[in-house]
Amino acid sequence: MAKFKEQSMLLRISWMFLLFNGIGILIFGILVVTYPRIAGADLGLLRALGVATTGMGIFGTVITLMSYRRKERWAWLTLWYYPVFWTLHLVGGLPPGNDHIHQVVFIVVSLLGLMLPFRHFFPRKTVKP
């Protein structure tokens, strides 16, 4: 019984980490759409990127809240987009911001969110004698 509670707590913590990622991306997208001048480049292009980022945040949030919480493997695989996305932003020196600390935080949080409940999505197969 204690092991079951521990596992469900791991799953709960992991989806909250991934939800944090989705909401962070969603908020950034909304800010870029609403205030494209904060980046100081082509306003039309920035608005388009903001809309795309907002959509990515919405999709990630919905996948996390619906399918990931139900332990659907496709959701676990799909949400690997988060650490890839943030790593590419970090390596490429992409916005938002110049300090890039937030990108490291998002990478770590998304990796924890995906790795903590690994056995929920891929349980060990037991061999029956």
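Residues numbered from 1 in each chain as written. Predicted model: local features only at pLDDT ≥ 70, side-chain atom pairs only at ≥ 80, totals over all residues. Heavy atoms only, no water.

Of all residues in the chain, 86% attain a pLDDT of 70 or more, and the chain-wide mean is 86. When pLDDT is averaged over each helix and strand of the chain, the minimum, 84, is found for helix α1 (residues 2–34) and the maximum, 96, for helix α3 (residues 73–78). (pLDDT = per-residue confidence, 0-100. Helix = DSSP H or I, 4+ residues; strand = E, 2+ residues; numbered from the N terminus.)

With that out of the way, let us pick up the nonpolar core. In this structure, L18, I25, Y68, L79, W86 and L114 are the most contacted members of the largest nonpolar core, which totals 18 residues. Sorting the residues of this core by element identifies α1, α2 (43–68), α3, α4 (81–92) and α5 (101–115) as the ones contributing at least two each. Broken down by element, this core gets its largest block of residues, five residues, from α1. (Core = buried A, V, L, I, M, F, W, Y, C linked by side-chain atoms within 4.5 Å. Buried < 20%, exposed > 50% of the residue type's maximum accessible area, 1.4 Å probe, protein only.)

What follows concerns the side chain of S110. Its location among the elements puts S110 in helix α5. Assessed through its relative accessible area of 0%, S110 is described here as buried. Separated by 3.0 Å, the side chain of S110 and the backbone oxygen of I107 make a polar contact. Those residues in contact with S110, other than ones at most four positions away along the chain, are L18, N21, Y82 and P83. (Polar contact = N/O pair within 3.5 Å; in protein donor to acceptor, adjacent residues only side chain to side chain. Contact = heavy atoms within 4.5 Å.)

The tally for this structure, following the rule as stated, stands at 10 aromatic pairs. Taken together, a centroid distance of 5.0 Å and an interplanar angle of 25° make the contact between F20 and F106 stacked. Of this pair, F20 sits in helix α1 while F106 sits in helix α5; the two residues are 86 residues apart in sequence, bridging distant segments of the chain. Here F20 falls in the partly exposed class, since its relative accessible area comes to 43%. Exposure remark for F106: the relative accessible area of 10% places this residue in the buried category. Judged by centre distance (4.9 Å) and plane angle (80°), the ring pair of F85 and W86 falls under edge-to-face. In this structure W86 comes out as buried when scored by relative accessible area, which is 4%. Sitting over the face of the ring of W15, R69 holds its NZ or CZ atom 4.4 Å from the ring centroid. (Phe/Tyr/Trp six-rings, centres within 6.5 Å; stacked < 30°, edge-to-face > 60°. Lys NZ or Arg CZ within 6 Å of the ring centre and 35° of its normal.)

Moving on, we get to a nonpolar patch on the surface. Judged by side-chain polarity, M9, I13, L90, V91, V104, V108, L112 and L116 come together as a nonpolar surface patch covering roughly 620 Å² of accessible area. Listing elements by their share of the nonpolar patch, those giving two or more residues are α1, α4 and α5. With three residues, α5 is the single largest residue contributor to the nonpolar patch. Tracing the backbone through its elements, the reader meets I13 in helix α1. Given a relative accessible area of 31%, I13 falls into the partly exposed group. (Patch = residues over 30% accessible without salt bridge, like charges linked within 9 Å, V, L, I, M, F, W, Y side chains within 5 Å. Areas by Shrake-Rupley, 256 points an atom, 1.4 Å probe, with all protein chains shown as cover. Salt bridge = Lys/Arg side-chain N within 4 Å of Asp/Glu carboxyl O.)

Turning our attention to the pattern of salt bridges. A side chain of one charge can pair with a side chain of the opposite charge when the charged atoms of the two come close. On inspection of all chains with the given rule, the structure shows one salt bridge. Notably, a salt bridge pairs R70 with E72, separated by 2.9 Å at the nearest N-O pair.

Right, let's talk about α5 for a bit. With 15 residues, α5 should reach 21 Å at 1.5 Å per residue; the first-to-last C-alpha distance of 21 Å fits that figure. Inspection of α5 places Q103, F106, I107, V109, S110, G113 and L114 among the buried residues, and these make up the whole buried set. (Expected span 1.5 Å × (residues − 1).)

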